[in-house]
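Descriptive analysis of the structure
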Amino acid sequence: MSENTEITAEMRRHSAAHLMARAVQNVFEDVQVDIGPATDEGFYYDFDLPHRLTPDDFPKIEAEIARLIALDEPFVRKVVSREECAKMLEGQHYKLERLADIPEGEDISTYTVGDYVEMCRGPHVEHSSQIGVVKLTRLAGSYYRGDENNKMLQRIYGIIAKDQAEMDAIVARAEEARKRDHRRLGVELDLFHLDPEDPGQIFWHPKGWSIYVALQDYMRQKLVKDGYQEVNTPALMPRSLWERSGHWEHYKANMFITESEKRIFAVKPMNCPGALEIFKSRLRSYKDLPLRLAEFGHCARNEPSGTLHGIMRVRGFVQDDAHIICTEDQIEEEVAKFCRLLKDVYKDFGFDKNLLVKLSTMPDDHVGDEATWQHAEAALAKACNASGMEYVIQPGEGAFYGPKLEFTLIDALGRAWQCGTIQLDYQLPSAERLNAEYIGPDGQKHHPVMLHRAVLGSLERFIGILIEHYAGAFPLWLAPEQVRVLPVSVKANAYAEKIQGELLKVGLRAGVDLTAEKLGAKIRAATMEKIPYQVVVGPRDEANGTISVRSRTDGDLGAMSCADFIAKLEAEVAAKKQG
RNA sequence: GCCACUUUAGCUCAGUAGGUAGAGCACAUCCUUGGUAAGGAUGAGGUCGUCGGUUCGAUUCCGAUAGGUGGCUCCA
């Protein structure tokens, strides 16, 4: 029996939450507790108390938790009747409401540690000492039951570790994430800035835009090879179109709306209506399908201010968007084709391992009949299997117009980011919406199906992820400045400029440092800017017709000819070498 | 949008128990002409987010407002 009671991290986190709840009640007056689950990272607990918590309160709560852990009391589970439980929870009105939620007939259990009882499903550790070390990390507001109409409770987040050494390592990793923060690196590396007067809009500086263009060019090549055609549609489109597409009804609150000569226009929040307008611009045959229209269209969404975050969540952005207009029979192959493309692209960033795929199925609130939905969901599932991807089902999480696949990548710090997506849409091309039609082999008109898809998601967000993934040290093919030539003194400036010219001529992004600094200072500056290659040149090189190469990853590579260096870099760019 | 916190030089941050402010880095000028991670000197740079209140006097206290941060909600 005992071999089955393995103590998991989740049990330890959840148990830590209980002890924190107990500690908060010991330290403060009039504490109402709500719930406190384990999370992937740690745990949290929601409280309602008159004292306004601040991080200054953490040490005394942590000390109390440490004291409770040291008591090493057992967690005792007990199945109780509803009445008994209600009696135990007397005065705790959130808990009593939660108790009322438990369906009749289901077991109600409590866990007791020392003098503290809590209604809880468990499971928990056997003894409090099994929890380890607890650290409180941050405070946040959180609506009771996640409903913004309810009272805002005070949430405390915490993390656990086996011992202090592990806790130190966790704190160090958090520090590493802080150092890699794209908002910090974006300023340090002079990639972009955000203007407080224009929230959620990005000003791309030359270096940041260089990355952006490199990424976009890369995607263009991939798209062309995969049978897409690139289009561009207006940023500003009329209200009448948005009414037909359904956005006016469903998405108006998030749209920037403007007026000209008494007509209302909206800045597009999505590209899909534009793609369908192109499809509809002439009579289409089934022979035109599938029609794959890609668009790097700039979209604007009036996201609530509280959701904005650096360049990851903005109000103006560009997706590597495309719309595949096809027949129902073509869905499976098109989805499989997309899955292959996505894997191929992610590999070039080192994201091909640990890819998570989620299949979101029919929600309660949906359009279309169930048979069509089942067919569509089966097509997505088969396409995943065909491309060797495992997926988990998210029941009822699909859009109201169709099911979708979502792809989550894992970055260098082990963090998950949902980027790629492919969504089936029966609604937008339908007669009720934009009424897209093609002539089938039977000579009759039919409505096509539309697939909305993006590999990277928004380019802005993806670059934000890349900045943190690479810690600002972009691989050669993406680096804004791939090479910097460093003359050892001003006497070598002319030769340095000549070398820079050679590099520029073959399309490498090369800079030159002509300042009057010493070589050590120039190397330091280039190193801080995370430039992949530094080329040192002085009288010795000039006499030999060579250059001295220093690599960001491999240090001093010694002297070589400029031609050999160019060949080396071109090979590295072609291979999309990481790091 | 909601809750909490926050806003001082381009960046990172001190500071003023109310008497209009400092450091490091970056920047400018001059000296130094140097072969693999910071040469030196001098200087410039801020209505202390904005508006209002209290006060003889506010960057400091109070209120409002805007931005940011962390959550929540949202993410067609």
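Residues numbered from 1 in each chain as written. Chains lettered and ligands numbered in written order. Predicted model: local features only at pLDDT ≥ 70, side-chain atom pairs only at ≥ 80, totals over all residues. Heavy atoms only, no water.

Before going further, it helps to examine the protein's contact with RNA strand B. The environment of RNA strand B is made up of 48 residues, and the closest members are Tyr-251, Ser-305, Phe-400, Ser-489 and Arg-524. In RNA strand B, the atoms that sit within 4 Å of the protein are 48% sugar and phosphate, with bases accounting for the remainder. Between a base nitrogen of RNA strand B and a side-chain N or O atom of Ser-548, the distance comes to 2.8 Å. Every element with two or more residues in the surface near RNA strand B is listed here: β6 (133–143), β7 (152–161), α6 (182–188), α15 (519–528), α16 (539–544) and β27 (547–551). In terms of residue class, the surface near RNA strand B is made up of 21 nonpolar, 13 polar and 14 charged. (Near = heavy atom within 4 Å. Polar contact = N/O pair within 3.5 Å; in protein donor to acceptor, adjacent residues only side chain to side chain. Helix = DSSP H or I, 4+ residues; strand = E, 2+ residues; numbered from the N terminus. Nonpolar A, V, L, I, M, F, W, Y, C, P; charged D, E, K, R; others polar.)

Quick look at a negative patch on the surface now. The grouping of Glu-328, Asp-329, Asp-369 and Glu-370 at the surface amounts to a negative patch. Checked against the element boundaries, Glu-328 lands in the loop between β16 (316–326) and α11 (331–347). The partly exposed category is assigned to Glu-328, whose relative accessible area is 33%. (Patch = residues over 30% accessible without salt bridge, like charges linked within 9 Å, V, L, I, M, F, W, Y side chains within 5 Å. Areas by Shrake-Rupley, 256 points an atom, 1.4 Å probe, with all protein chains shown as cover. Salt bridge = Lys/Arg side-chain N within 4 Å of Asp/Glu carboxyl O. Lys, Arg positive; Asp, Glu negative; His and termini not counted. Charge placed at Lys NZ, Arg CZ, Asp CG, Glu CD. Buried < 20%, exposed > 50% of the residue type's maximum accessible area, 1.4 Å probe, protein only.)

Counting residues in each nonpolar core, the largest one holds 69 residues, and the members touching the most others are Val-335, Tyr-346, Phe-349, Leu-405 and Phe-407. By residue number, the principal contributor to this core is α11, which donates nine residues. With sequence-adjacent residues up to four places away left out, Tyr-346 is seen in contact with Phe-351, Asp-352, Leu-355, Phe-407, Leu-409, Cys-419, Gly-420 and Val-455. (Core = buried A, V, L, I, M, F, W, Y, C linked by side-chain atoms within 4.5 Å. Contact = heavy atoms within 4.5 Å.)

The next thing to look at is the pairing of strand β18 (residues 391–394). Pairing between strand β17 (residues 356–360) and β18: four bridges, direction parallel. Across the sheet, residue Ser-360 finds its bridge partner in β18, namely Gln-394. (Pairing = 2+ DSSP bridges.)

Now for the pairing of strand β5 (residues 116–119). Strand direction decides the pairing type here: strand β4 (residues 108–113) and β5, joined by four bridges, are antiparallel. When the bridges of β5 are listed, Thr-110 appears paired with Met-119. Where β4 folds back on β5, the antiparallel hairpin that results is connected by two residues, among which Gly-114 adopts a positive phi of roughly 55 degrees.

Strand order across the open sheet formed by five strands is β25-β24-β26-β27-β28, with mixed pairing between neighbours. At either end of the open sheet lies a strand with only one pairing partner, and these are β25 (510–512) and β28 (555–560). The sheet shows a mean angle of 25 degrees between the axes of neighbouring strands, direction not considered. Of the strand pairs in this sheet, strand β26 (residues 533–537) and β27 are connected by four bridges, and their pairing is antiparallel. In the sheet register, Tyr-533 faces β27, and the bridge partner there is Ser-551. Across the sheet, helix α14 (residues 493–505) is in contact with β24 (483–487), β25, β26 and β27; its angle to β24 comes to roughly 165 degrees. Contacts between α15 and the sheet are confined to β24, β26 and β27, with β24 contributing the most and set at about 170 degrees to the helix. (Axes fitted to C-alpha atoms, helices over the stretch in contact; angles between N-to-C directions.)

Moving on to the environment of Ile-69. Secondary-structure assignment places Ile-69 in helix α2 (residues 58–71). The buried category is assigned to Ile-69, whose relative accessible area is 9%. Not counting residues within four places of it along the chain, the set of residues in contact with Ile-69 comprises Leu-19, Ser-128, Ser-129, Ile-131, Gly-132 and Val-134.

This part covers the sheet that holds strand β12 (residues 257–260). With antiparallel pairing, the three strands of this open sheet are ordered in space as β11-β13-β12. Edge positions in the open sheet fall to β11 (236–238) and β12, since each of these has one partner strand only. Adjacent strand axes in the sheet meet at a mean angle of 40 degrees, parallel and antiparallel pairs treated alike. One ladder, built from four bridges, connects β12 with strand β13 (residues 263–267); its direction is antiparallel.

Here the focus is the pattern of salt bridges. With the rule as written, the count across this model stands at 33 salt bridges. A salt bridge links Arg-98 to Asp-34; its shortest N-O distance comes to 2.9 Å. Separated by 64 residues along the polypeptide, Arg-98 in helix α4 (residues 93–101) and Asp-34 in the loop between β1 (32–33) and β2 (43–48) bring together distant segments of the chain. Note on accessibility: Arg-98 and Asp-34 belong to one class, buried. Here Asp-348 ties to Lys-222 by a salt bridge, and the two come within 3.9 Å at their closest N and O atoms.

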